[in-house]
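# Observations on the three-dimensional arrangement
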Amino acid sequence: MSEVSRRVRPAIGILAAAVLVCAPFLASRWIDLEPAPVADTGESVSALLPVDPPIPRGVPQRSPAVKMPAYADGCDHAYGEPHQCVPWNFPPDVTDKCAYLLERGFGRLAVHGGDRHGLDPDHNGVACG
Amino acid sequence: MLPSSRTTHGGRGRRLWRLSILLAGAALATAMFPGAAPAETAACRADNPCPTGLWRVLPYKAPVRGIHSVLLNNGKVLLIAGSGNDPDVFAAGTFSSSVYDPKTETFTKVDTPEDLFCGGHTQLPDGRILVMGGTAAYTSATAGYKGLRSSYIFDPETNRYTRTNDMNDGHWYPSATSLGNGDVLSLGGLDAKSEGSVTAEYFSNAQQRWLKTNEIQQNWSFWGLYPSMILLEDGKLFYTGSHVFGNGLPGTGASIYDYPTGRIVDIPGLRDKDHRDQSMSVLLPPAQDQRVMTMGGGNIIDNKDANRLTDIVDLNEPNPTYKPGPDLPSGHNHDHTPQKPHQGKMYVSAVLLPDGKVFETGGSLHNRADSVFEASIYDPQTNRFTPMSTDPVERGYHSSAFLLPDGRVMAVGHNPGDGSFDQRISMFHPPYMFAPRPVIRKLGGTNWGYGSVQRAITTGKRITKAALVRPAAVTHSSDPNQRYVALDVKRRGGGVDLRVTDNPNLAPPGWYMLFVIDEDNQPSMAEWVKLG
């Protein structure tokens, strides 16, 4: 092997390695799909991406996260402690909501804000009390 | 191994007393009925075979709230509580897990670095447990739960969690499906802002890291909370319609998700798809049949009575459609009154048994209230449920049941609306535990390759079937990786040759429980083998 090729071949190898290492970053510089940057605005995140982004084949543009209510766990957390679950809706045949709760181990419940179920008629901040 | 001072014994005195009483008969009984506890074996014999099985409530409680249960490849059970749905514990930052050894009846405390409560989990091919997401914030009257981006790997050899890189999004109630190449796909849940996450997360087993969003095929769909995503033999995922909280997804409520292309095709036929909240779905045995059953469910928002429906879909059909299965048997309510004809249950636990049947247990009629006492075994061959004895302990929200290597079913958890938590443990002894069972005496090896033939020496009656059962990783009525993979059996000499599937999508790489089943459909106890 000549002196020239001994010097050139490592350089070519380094160049090739650099291209290989950098290629994914070069290819992906157009799209940074980290968690939705402006989902709070209600604006479609996809509208903020560069025009014609190189999204992988068959993949649609990003949708914003789906808004979920605070009662997604089925509990009205305006009542009681966070680990308790006064149901967002009582079973349809329940007529006495406080009796239902009492029979299921609940005691007096602090009311934090709204009283959707009307469990605090004297408005003293304590439900079923 | 952690210091022995961190291991606690439950009810040792009572056990010693009982053992001393039963000592003489126990050895003989254990030899005849391997896996059955001495007391139960004595109670259920040939003259009283306990055809509906037997429950035993252990005389001690789990030291942690077992909201997440993962069977490890050493036969022990990882119980993850995290904050355990206790906001005071969350505020204090004192999170917990414990490893329970069903053989020695001991617990080993596990340092738990973050609130893994409401995360997802599955076994990696090497037997370690990948845990993803969890609770970043509790709910309030105006804001919902928020999901963690963190992820950890639990090592059964050291009982320690090690942090991986973070996921791209927060996930509270994410799914976790092990794929045929050993990678893991996680979908859904609530993100760090308490919104429904549309980010698919992909853990590369080869790289031991979560991939970045721009390395992953995304279709930016919201899959709901703990969506039940079952891997099919062609590598696609089946969203069964079983989920947690509220209505089902738009459309038919069930679909096939071709992850590599992002294509989603609805599957019709799931009845009452908006009342499948905390139903449970299982890939019916054997996995080769590609049939999925979804049973029960309700809706925590409208809080109507949970249903008895079961629906079954054959995914081998050209145009798969859910078709009605037999109703769940009626049970009784907490006050011992019988259920009304339309009433069923949510918070269902469904467990694949080593004899190829499905045990279902636990549940409640309403949102975190009104426990239902009903249990049964479903036979996929006859399409019938046979009622079983019921767990004496209520098992509603945050309860789980899962198979142990000896054939028992362990049940944990119950977290009703008043905020209490029942930490008792129940053990169900299925009827097969009270008749002679075959025994695996010797295996040619425990590292099994796809498409290989493995030799097993057994004693007992003639072996007619064998199966690999994937260990449980269950929470919230969701364990989409649960599967029972039949092995081709050929009797030769004093043993059997077992041919393993050559399709990793049918049995993703990892540790499995090997059971052999005799001509009376009696299953052995399990031996652990590593596939792939």
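Residues numbered from 1 in each chain as written. Chains lettered and ligands numbered in written order. Predicted model: local features only at pLDDT ≥ 70, side-chain atom pairs only at ≥ 80, totals over all residues. Heavy atoms only, no water.

### Focus on the overall build of chain B
From N to C terminus, chain B includes three helices and 43 strands. Taken against the 2.2 N^0.38 rule, which gives 24 Å for 532 residues, the C-alpha radius of gyration of chain B at 22 Å falls within 12% of a compact globule. Once the C-alpha set of chain B is aligned to its principal axes, its extents read approximately 60 × 55 × 50 Å. Split into buried and exposed, the 532 residues of chain B put 64% on the buried side. The contacts of chain B with a sequence gap of at least 6 include a subset with a gap of at least 24, amounting to 59%. In the structure as shown, chain B presents an accessible area of about 17600 Å², 52% of it carried by carbon and sulfur atoms. Averaging the coordinates of the 51 positive side-chain charges in chain B and doing the same for the 52 negative ones gives two points 6 Å apart. (Helix = DSSP H or I, 4+ residues; strand = E, 2+ residues; numbered from the N terminus. Rg over C-alpha atoms; globule rule 2.2 N^0.38 Å. Buried < 20%, exposed > 50% of the residue type's maximum accessible area, 1.4 Å probe, protein only. Contact = heavy atoms within 4.5 Å. Areas by Shrake-Rupley, 256 points an atom, 1.4 Å probe, with all protein chains shown as cover. Lys, Arg positive; Asp, Glu negative; His and termini not counted. Charge placed at Lys NZ, Arg CZ, Asp CG, Glu CD.)

### Observations regarding the pairing of strand β8 (residues 129–132) of chain B
Residue and element names in this part refer to chain B. Both faces of β8 are covered, namely the face carrying I129 and V131 and the face carrying L130 and M132. Where strand β7 (residues 120–123) meets β8, four bridges bridge the pair, whose relative direction is antiparallel. When the bridges of β8 are listed, T122 appears paired with L130. Between the antiparallel neighbours β7 and β8 lie five residues, among them G127 with a positive phi of about 95°. Two strands pair when backbone bridges link them, and β8 and strand β11 (residues 151–155) are joined in this way by four bridges, in the antiparallel orientation. Along β11, the bridge assignment pairs L130 with I153. (Pairing = 2+ DSSP bridges.)

### Structural notes on the side chain of D497(B)
With respect to the secondary-structure elements, D497(B) resides in strand β41 (residues 495–499). If we skip the residues at most four places from it in the chain, D497(B) touches V453(B), Q454(B), R455(B), D488(B), V489(B), K490(B) and R492(B).

### With respect to unusual backbone geometry
Residue and element names in this part refer to chain B. With an omega of -10°, the peptide bond between P285 and P286 qualifies as cis. Its identity as a non-glycine residue notwithstanding, Q290 has a phi of 55°, on the positive side. Structurally, Q290 can be placed in the loop between β21 (280–283) and β22 (291–295). Look at N303: it is not a glycine, yet its phi comes out positive at around 60°. N303 sits in the buried class, given a relative accessible area of 0%.

### Overview of the state of the cysteines
Covalently bonding the sulfur atom of one cysteine to the sulfur atom of another cysteine gives a disulfide. Residue and element names in this part refer to chain A. Evaluated as defined, the whole model comprises two disulfides over all chains. There is a disulfide in this structure between C75 and C85, and the S-S distance comes to 2.1 Å. Measuring handedness by torsion sign, the sulfur bridge of C75 and C85 sits at about -95° and is left-handed. In this pair, C75 sits in the loop between α1 (3–28) and α2 (97–103) while C85 sits in the loop between α1 and α2, placing the two residues 10 residues apart along the sequence. With respect to class, C75 is no different from C85; both count as buried. The disulfide partner of C98 is C128, and the gap between their sulfur atoms is 2.1 Å. Note on the C98 and C128 pair: the S-S dihedral is about -85°, so by sign convention the disulfide is left-handed. Of this pair, C98 sits in helix α2 while C128 sits in the segment after β2 (126–127); the two residues are 30 residues apart in sequence, bridging distant segments of the chain. When its relative accessible area of 24% is taken as the criterion, C98 is described as partly exposed. (Disulfide = S-S within 2.5 Å.)

### Some words on the interface of chain B and chain A
A common way to state how big an interface is: give the accessible area lost once the parts meet. Residue-level contacts link 44 residues of chain B with 44 residues of chain A. Roughly 3500 Å² of surface becomes buried between chain B and chain A when both sides are summed, with 54% attributable to carbon and sulfur atoms. Inspection of the region where chain B meets chain A yields two salt bridges. Looking at the side of chain B that touches chain A residue by residue, the classes come out as 13 nonpolar, 20 polar and 11 charged. (Buried area = accessible area lost by both parts, 1.4 Å probe. Salt bridge = Lys/Arg side-chain N within 4 Å of Asp/Glu carboxyl O. Nonpolar A, V, L, I, M, F, W, Y, C, P; charged D, E, K, R; others polar.)

### Quick notes on the confidence of the model for chain A
Residues shown with low pLDDT carry predicted positions that ought not to be read at fine detail. Residue and element names in this part refer to chain A. Chain-level statistics for chain A give a pLDDT mean of 68 and a share of 53% at 70 or above. Every residue in residues 1–5 scores below 50 in pLDDT, and together they form three contacts with partners more than four places removed in sequence or on other chains. Predicted confidence is poor over residues 15–58, with pLDDT under 50, and the contacts of this stretch with residues over four places away or in other chains come to 41 contacts. (pLDDT = per-residue confidence, 0-100.)

### Describing the side chain of R483(B)
All names here are of chain B. By secondary structure assignment, the location of R483 is in the loop between β39 (473–474) and β40 (484–492). Lacking a salt bridge, the buried R483 has E233 as its closest oppositely charged neighbour, with an N-O distance of 8.5 Å. Of note is the side chain of R483, whose polar atom sits 2.8 Å from the backbone oxygen of L506. The contacts of R483, once residues within four sequence positions are left out, are I230, L231, L283, L352, L468, V469, R470, N505, L506, A507, P508 and Y512. (Polar contact = N/O pair within 3.5 Å; in protein donor to acceptor, adjacent residues only side chain to side chain.)

### Points about the pattern of salt bridges
Tallied over the entire structure, the rule returns 21 salt bridges over all chains. D370(B) serves as the salt-bridge partner of R104(A), at 2.7 Å between the closest nitrogen and oxygen. With R104(A) in the loop between α2 and β1 (109–110) and D370(B) in strand β29 (residues 369–373), the pair connects residues from two separate chains. Residue R104(A) is classed as partly exposed on the basis of its relative accessible area, which comes to 24%. Among the salt bridges present, the one from R492(B) reaches D497(B), with a minimum N-O distance of 2.7 Å. A residue is classified by how much of its surface remains accessible, and R492(B), at 45% relative accessible area, is partly exposed. By sharing partners, the salt bridges in this structure join E103(A), R104(A) and D370(B) into a single network.

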